[in-house]
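# Summary of the model geometry
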Amino acid sequence: MKTIIIDPVTRIEGHAKITIDLNEDGSVEDARLHVTQYRGFEKFCEGKIYTDMPALTARTCGICPVSHVISSSKACDTLLSVTPPKAAINIRKIVNLAQIIQSHTLNFYHLSSPDFVYGFDAPKEDRNIFKLMQTHPKMAKDGIELRAFGQKIIESLAGKRIHPTGIIPGGVSNILEIEVKEKLLQEIPRAMKIAQNTLKYFKENLHKFQKEIDSFASFSSLFMAIVGEDGSLEHYDGVLRFIDSEGNVLNEAIDPQNYKEFIGEAVEDDSYLKSPYYKPLGYPQGMYRVGALARLNVATKCGTPLADEELKNFKALGRGKPVQNSFYYHYARIIEIIYGLEKIEQLLRDEDTLSENIVARGKINVSRGVGCSEAPRGTLFHDYQVDSNGIIEKVNLIIATGNNNLAMNAGVKQVAKAFIDPANITDGALNRVEAVIRCFDPCLSCSTHALGIVSSQIELRDHHKKIIKIFARN
Amino acid sequence: MIKQKVRVKSFKINDITVTGRSDQTLLEVAKEHNIFIPTLCYLEGLSCVGSCRLCLVEIKGAHELVPACTSKIKEDMEVITTSEKIDSHRKMILSMIFSERSHTCSVCEANGDCELQNKSVELQLDHSLVPYIDSRFAIDASHKNFVHDPNRCILCSRCVRVCSEIEGANAINIAGRGINSQIIHDMDDPWIDSQSCTSCGKCVYVCPTGALYEKEISKEDVITKREIIHNLLKSRAENE
């Protein structure tokens, strides 16, 4: 028996390794994703004052700091028992969507596109965005431009592209200037064109990846997402909804403040990433997926014309049931980019967004507050407990990627079984094992809120768990 | 009481001949002659305590460097305000200030408006020369308007001095020894329980870092309020 180790898992955010265990007859028995970094945000935030939390927790991530700032500020809103003014909510929503656009674009163009353009079996030295710049310069430029547009919106409305400071407990700190609004509105059509071209390219090439579609984490699971009151796609505020693999609604409207009644967190001994599960079904049967695929499965509509039109095509893939193939995360993300651009335009055009009333003041009124929003990778929870002066006593963070941990592990196993031939381990097969992780677009630095250790690999182990071969990518 | 006669004295700073009154400090005379000496705990209008040691200068013939803010001038003394030795001492002092507490600018209220941060730019200190101690102190957020975060305190004692010398309340003092020292209110009571504190906010406005800050205040307002205390100190000094 052998074990294959893929380390590092490449073109993802953060550091991880994969081990593939072979049994005595040489076939794949198990495969697991190990997140190899530890950071300890929940611990060192204790003793800090609540007003520091948005800025502090934003440092969990450089890709999706906005999500942390938003969930953190929402948790603080609850502690203060205040409702931010409409303008502040609109600005927060715009910034959140802008981040979803930039992050989804990053995954598609910068990380995953080489797989689509050159195929999963292409030489590994070609599978990167630099090669894409050489062979498909327009496509690479489009990706960079679309991502830059998302970042520009964040900078214009919240102060900084990375770790923005403009979102604070009770609201936001800067009003939306009319000139900024006009400038951003002018640039939306160009960004939309890129997004639509992306969708067109993806759909035209989808037929090439049927085997991957069938085997990349394609299985039954629950799905969780925030939805609006009318069941529409929502990223900022709403209720939590769980559906099963048949599309039945298990819980229609969970108040995010009560998430602990429905979500448990299991700890594995071989990974710093915890494994959340749906409590009523227990661990590990309560495996659920979050993120773009889950959001589009759970939501009944997007609420914007172009995205709704494409949502119909997406839903058709499931033939009346939720779409189970994780490969379609890529598809769902492109639809969300289109939705994000449409929604940002709507919110910018809303006259209330220009209001100068942007922050609600208050003092600590309750001792516990949960902030929940949809980050690019899924549902994010910030749960704070404070004393009467606002000093943090306890923090619990459930990060979007963490919600997908059980599903990612199941996906790695499924792909390893489908593609790894122990007699002839090809680079293409190993790339597919990594690519299934890429479907989920995990952010591992976030999910472990952990200290970075640069190392990831695929380990091949025999039935005594003895390492036979390590495939390192350093 | 016999009043000491004030005389005019001449001496050299960096080989430039300067004159000052005998009751003036080296720092005051240097400032009058536009000779720059970095300071941190010094604040015009308050007494000088020489706690930060950043204004260290060399006096020819002396064995040790001396703080310019507390050294009185002497006839014919020769002072050097900048040299390789002085610069390296200043950098080491600043490093030690940084390493004692948790000065994480990115999550600090004073970021962008912090004298300690500015000083590191001024002295070109891009990393600490000594390892961080990672000490942890409890934050006092009990006051209705203000927060005291000892993790950002450099023990300059400006707050102690302004409370005593300008407000006259004597609500703040320094307790403990060495790196465990911290400012306290009254008998180390929570700020809100202090009987002496008048909640005037002067301590907050003179704090060079984010150790004392006002709750729910924008950066623009902080800067405006700093001006208020500056003007107040100036007018008090003029009236004396």
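Calculation notes
- Residues numbered from 1 in each chain as written.
- Chains lettered and ligands numbered in written order.
- Predicted model: local features only at pLDDT ≥ 70, side-chain atom pairs only at ≥ 80, totals over all residues.
- Helix = DSSP H or I, 4+ residues; strand = E, 2+ residues; numbered from the N terminus.
- Rg over C-alpha atoms; globule rule 2.2 N^0.38 Å.
- Buried ≥ 20, exposed ≤ 12 C-beta atoms within 10 Å, placed from the backbone.
- Contact = placed C-beta atoms within 7 Å.
- Domains from an automatic or database assignment.
- Nonpolar A, V, L, I, M, F, W, Y, C, P; charged D, E, K, R; others polar.
- Core = buried A, V, L, I, M, F, W, Y, C linked by C-beta atoms within 7 Å.
- Pairing = 2+ DSSP bridges.
- Axes fitted to C-alpha atoms, helices over the stretch in contact; angles between N-to-C directions.
- Parallel < 35°, antiparallel > 145°, perpendicular 65-115°, else oblique.
- Left-handed = near helix turned anticlockwise from the far one by under 90°.
- Expected span 1.5 Å × (residues − 1).
- Bend = angle between axes of the 7 residues up to and from the residue.

Helix and strand counts for chain A stand at 15 helices and 18 strands. Relative to a compact globule of 474 residues, whose C-alpha radius of gyration would be 23 Å, chain A shows 21 Å and is just as compact. A buried classification covers 56% of the 474 residues belonging to chain A. A sequence separation of at least 24 residues applies to 74% of the contacts in chain A between residues at least 6 apart.

Right, let's get into the overall build of chain B. Each helix and strand counted, chain B has 6 helices and 9 strands in total. Relative to its length of 240 residues, chain B is compact, with a C-alpha radius of gyration of 19 Å against a globular reference of 18 Å. Along the first, second and third principal axes, the C-alpha atoms of chain B reach 55 × 45 × 35 Å. Of all 240 residues assigned to chain B, the portion counted as buried reaches 37%.

Residues and elements named next belong to chain A. Structurally, chain A comprises domain 1 (1-36 + 421-474), domain 2 (84-210 + 326-361) and domain 3 (219-324). With centres defined by C-alpha atoms, the gap from domain 2 to domain 3 works out at 22 Å. With 18 residues of domain 2 at the interface, the matching set in domain 3 holds 16 residues. Elements with a contribution of two residues or more to the side of domain 2 that touches domain 3: helix H4 (86-118) and helix H11 (329-349). For the side of domain 2 that touches domain 3, the class distribution of residues is 10 nonpolar, 2 polar and 6 charged.

Let us now look at the nonpolar core. Grouped together as the largest cluster of nonpolar side chains are 192 residues, with contacts concentrated most on A:Val95, A:Val412 and B:Cys159. Other than its neighbours up to four places away in sequence, A:Val412 contacts A:Ile18, A:Ala31, A:Arg32, A:Leu33, A:Val433, A:Val436 and A:Ile437.

We now examine the pairing of strand E13 (residues 368-375) of chain A. Residues and elements named next belong to chain A. Counted residue by residue, E13 has 7 buried out of 8 residues, so it is predominantly covered. The pairing of E13 with strand E14 (residues 378-386) spans 8 bridges and is antiparallel. Across the sheet, the residue bridging to cysteine 372 is phenylalanine 381, located in E14. Connecting E13 to the antiparallel partner E14 that follows it, the hairpin turn spans 2 residues.

Interfaces are often sized by the amount of accessible area the parts lose when they come together. All names here are of chain B. As far as domains go, chain B holds domain 1 (8-82) and domain 2 (88-239). The gap between the C-alpha centroids of domain 1 and domain 2 is 25 Å. Contacts between the two partners involve 15 residues from domain 1 and, on the opposite side, 22 residues from domain 2. Of the residues belonging to the side of domain 1 that touches domain 2, the class tally is 10 nonpolar, 3 polar and 2 charged.

On to the interface of chain A and chain B, then. Each partner contributes to the interface: chain A provides 12 residues, whereas chain B provides 10 residues. In terms of residue class, the side of chain A that touches chain B is built from 4 nonpolar, 5 polar and 3 charged.

This part takes up the sheet that holds strand E15 (residues 392-398) of chain A. Residues and elements named next belong to chain A. Spatial strand order, E13-E14-E15: 3 strands in an open sheet with antiparallel pairing. Single-partner strands in this sheet number two, and they are E13 and E15. Along the sheet, successive strands turn relative to each other by an average axial angle of 15°, direction set aside. Running over the sheet, helix H3 (residues 65-80) touches E13 and E14 and is turned about 150° from E13.

Here we take up the packing of H4(A) against helix H6 (residues 137-158) of chain A. Residue and element names in this part refer to chain A. Taken N-terminus to C-terminus, the directions of H4 and H6 make an angle of 155°; their axes are 8 Å apart at the nearest point. One way to sum up the angle between H4 and H6 is to call them roughly antiparallel. The crossing of H4 and H6 is left-handed.

What follows deals with the environment of A:Tyr331. Residues and elements named next belong to chain A. Mapping tyrosine 331 onto the fold places it in helix H11. Look at tyrosine 331 and you get buried, because 23 C-beta atoms sit within 10 Å. Separated by 78 residues in sequence, tyrosine 331 and alanine 253 have C-alpha atoms that sit 26 Å apart. Contact partners of tyrosine 331, with chain neighbours within four places excluded, come to Phe202 and Phe314.

What follows covers the packing of helix H7 (residues 178-205) of chain A against H11(A). A pair of packed helices is characterised by two quantities: the angle between their axes and the separation of those axes. Residue and element names in this part refer to chain A. Running from amino to carboxyl end, H7 crosses H11 at an angle of 160°, the nearest separation of the two axes being 10 Å. The orientation of H7 with respect to H11, classified from their angle, is roughly antiparallel. Between H7 and H11 lies a crossing whose hand is left-handed. Where H7 abuts H11, its residues Lys181, Leu184, Leu185, Ile188, Ala191, Met192, Ala195, Gln196, Thr198, Leu199 and Phe202 lie against His330, Tyr331, Ile334, Ile337, Ile338, Leu341, Glu345 and Leu348. Its residues placed into classes, the contact of H7 with H11 shows 14 nonpolar, 3 polar and 2 charged.

Residues and elements named next belong to chain A. Its 33 residues place the ends of H4 46 Å apart at the C-alpha level, agreeing with the 48 Å of an ideal helix rising 1.5 Å per residue. Along H4, the largest kink reaches about 70° and is centred on serine 112; proline proline 114 follows within four residues of it. Of all 33 residues that make up H4, 27 are buried, and the element is covered over most of its length.

Given a rise of 1.5 Å per residue, 21 residues ought to cover 30 Å, and the 31 Å separating the end C-alpha atoms of helix H6 (residues 219-239) of chain B matches this to within 8%. Within H6(B), only 2 of the 21 residues are buried, which leaves the element largely exposed.

Residues and elements named next belong to chain B. The mixed open sheet is built from 5 strands, whose spatial order is E2-E1-E5-E3-E4. Each edge of the open sheet carries a strand with a single partner, namely strand E2 (16-21) and strand E4 (66-67). Taken together, the 2 bridges between strand E1 (residues 8-13) and strand E5 (residues 78-80) define a ladder with parallel strand orientation. Counted as the bridge partner of isoleucine 13 is valine 79 from E5.

Let us now look at the pairing of strand E1 (residues 3-7) of chain A. Residue and element names in this part refer to chain A. Of all 5 residues making up E1, 5 are buried, and the element is well covered by its neighbours. In terms of strand pairing, E1 meets strand E2 (residues 16-22) through 3 bridges, oriented antiparallel. Its bridge partner lying in E2, threonine 3 is registered against aspartate 21.

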